[in-house]
Amino acid sequence: MPYKIPHPAILSISLFFLVGGFAHFFAADFFIRAMPEYLEYHWELVVVSGCFELLGSIGLLLSRTRLWAGYGLMALCVAVFPANINMALYADQYVTFPAWALYLRLPLQFLMVGFIWWAIKPERLDVK
């Protein structure tokens, strides 16, 4: 069976997480600083989340793994939410971004989960 190019929504989500996944390695210090103090193993968590972003990005492109990759990326969005809250609460430490953008990012995280849910709908409905 020839490879079918995924829907543009799948491609855009995949690209988003591909860039984000690589950023975890090329800008690890930024992601480490975003981690809440109450979590341990900051570097390890950044590496693991970056790997999952890359795996999810690739998994979305393949029809056989798209559904599970989508579920995994939705779970990852929830898992990294504490870091996003931490960034918003300590916005003065992230002068690159205006505080309003860090707060706007919080509901956008849930919109991303909804976007992924919508994008993988054909696979969800096709499960036998």
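The model shown is predicted, which means the values in this text are computed figures rather than measured ones. Each chain carries its own residue numbering, running from 1 in the written order of its sequence. Since the coordinates come from a predicted model, pLDDT governs what is reported: local features require at least 70, and pairs of side-chain atoms require 80 or more to be given and counted, while whole-chain, interface and lining totals use all residues. Working from all heavy atoms in the structure, the side-chain values ignore hydrogens and water.

1. A closer look at the environment of leucine 104
In this text, helices come from DSSP runs of H or I with a minimum length of four residues, and strands from runs of E with a minimum of two, each type numbered from the N-terminal end. Structurally, leucine 104 is set in helix α6 (residues 99–119). Owing to a relative accessible area of 41%, leucine 104 belongs among the partly exposed residues under this scheme. Any residue under 20% of the maximum accessible area for its type is buried, any over 50% is exposed, and the rest in between are partly exposed; the area is computed with a 1.4 Å probe on protein chains only.

2. Points about a nonpolar patch on the surface
Taken together, the side chains of Tyr38, Leu39, Tyr41 and Leu45 present a nonpolar region at the surface, about 450 Å² in accessible area. Within the secondary structure, tyrosine 38 is located in the loop between α2 (28–34) and α3 (42–61). On the basis of relative accessible area, tyrosine 38 is assigned to the exposed category, the value being 63%. Patch construction takes residues with relative accessible area above 30% that form no salt bridge. Like charges are linked within 9 Å, and nonpolar side chains (Val, Leu, Ile, Met, Phe, Trp, Tyr) are linked within 5 Å. Working definition of accessibility: Shrake-Rupley area with a 1.4 Å probe, residue cover restricted to the visible protein chains. Between Lys or Arg on one side and Asp or Glu on the other, a salt bridge is scored when a side-chain nitrogen of the former is within 4 Å of a carboxyl oxygen of the latter.

3. Structural notes on the packing of helix α5 (residues 81–89) against α6
Remark: α5 packs on α6, axes separated minimally by 8 Å, with the N-to-C direction vectors making an angle of 160°. When the axis of α5 is compared with that of α6, the two are roughly antiparallel. Considering the relative orientation of α5 and α6, their crossing is left-handed. The residues of α6 that touch α5, namely those facing Phe81, Asn84, Ile85, Met87, Ala88 and Leu89, are Leu102, Tyr103, Arg105, Leu106, Gln109 and Phe110. Here an angle of 0 to 180 degrees is reported between the N-to-C directions of two axes, which are lines fitted to C-alpha atoms, with helices fitted over the stretch in contact. Any angle between 65 and 115 degrees counts as roughly perpendicular, while under 35 counts as roughly parallel, over 145 as roughly antiparallel, and the rest as oblique. Helix crossings get a hand from a simple test, with the near helix turned counterclockwise from the far one by less than a right angle marking a left-handed crossing and a clockwise turn marking a right-handed one. In what follows, a contact means two residues having at least one pair of non-hydrogen atoms within 4.5 Å.

4. A closer look at the packing of aromatic side chains
The pairing test for Phe, Tyr and Trp rings, Trp by its six-membered ring, is centres within 6.5 Å, and the orientation test on the planes gives stacked under 30 degrees, edge-to-face over 60, and tilted for anything in between. Considering all chains together, one arrives at nine aromatic pairs under this definition. Arranged with centres 5.4 Å apart and planes meeting at 85°, the rings of phenylalanine 30 and phenylalanine 31 form a pair that is edge-to-face. Look at phenylalanine 115 and tryptophan 118: their rings are 6.0 Å apart centre to centre, the planes differ by 10°, and that puts the pair in the stacked class. With phenylalanine 115 and tryptophan 118 both in helix α6 and three residues apart, this pair spans about one turn of that helix. Assessed through its relative accessible area of 32%, phenylalanine 115 is described here as partly exposed. Every member of this aromatic cluster is reached through a ring pair, and the members are Phe30, Phe31, Tyr94 and Phe97.

5. Some points on helix α4 (residues 66–79)
An α-helical turn contains 3.6 residues, so any two residues separated by three or four positions project in the same direction. For a helix, the expected span equals 1.5 Å multiplied by the residue count minus one. For α4, which comprises 14 residues, the first-to-last C-alpha distance of 20 Å matches the rise-based estimate of 20 Å (1.5 Å per residue) to within 8%. Of all the positions in α4, only Arg66, Leu67, Ala69, Gly70, Leu73, Met74, Leu76 and Cys77 are classed as buried. Buried positions along α4 lie against α1 (8–26), α3, α5, α6 and α7 (121–126).

6. Side note on α5
Of the residues making up α5, those classed as buried are Phe81, Ala83, Asn84, Asn86, Met87 and Ala88. Where the residues of α5 are buried, they touch α2, α4 and α6.

7. Let's talk about the environment of isoleucine 10
Relative to the elements of secondary structure, isoleucine 10 occurs in helix α1. The sequence separation of isoleucine 10 and proline 107 amounts to 97 residues, and the corresponding C-alpha distance is 21 Å.

8. Here we look at the nonpolar core
Buried residues of nine kinds, namely Ala, Val, Leu, Ile, Met, Phe, Trp, Tyr and Cys, make up a nonpolar core once their side-chain atoms join them within 4.5 Å. Within the largest apolar cluster, 16 residues are counted, with the highest numbers of intra-cluster contacts made by Ile13, Phe17, Leu60, Leu73, Cys77, Ile116 and Ile120. Every element with two or more residues in this core is listed here: α1, α4 and α6. Ranked by residue count, the leading element in this core is α4, at six residues. Residue contacts for isoleucine 116: discarding those within four places in its chain leaves Ile13, Phe17, Gly70, Leu73, Met74 and Cys77. Counting nine residues, the second-largest nonpolar core is a separate cluster that includes Ala34, Met87, Ala88 and Leu106.

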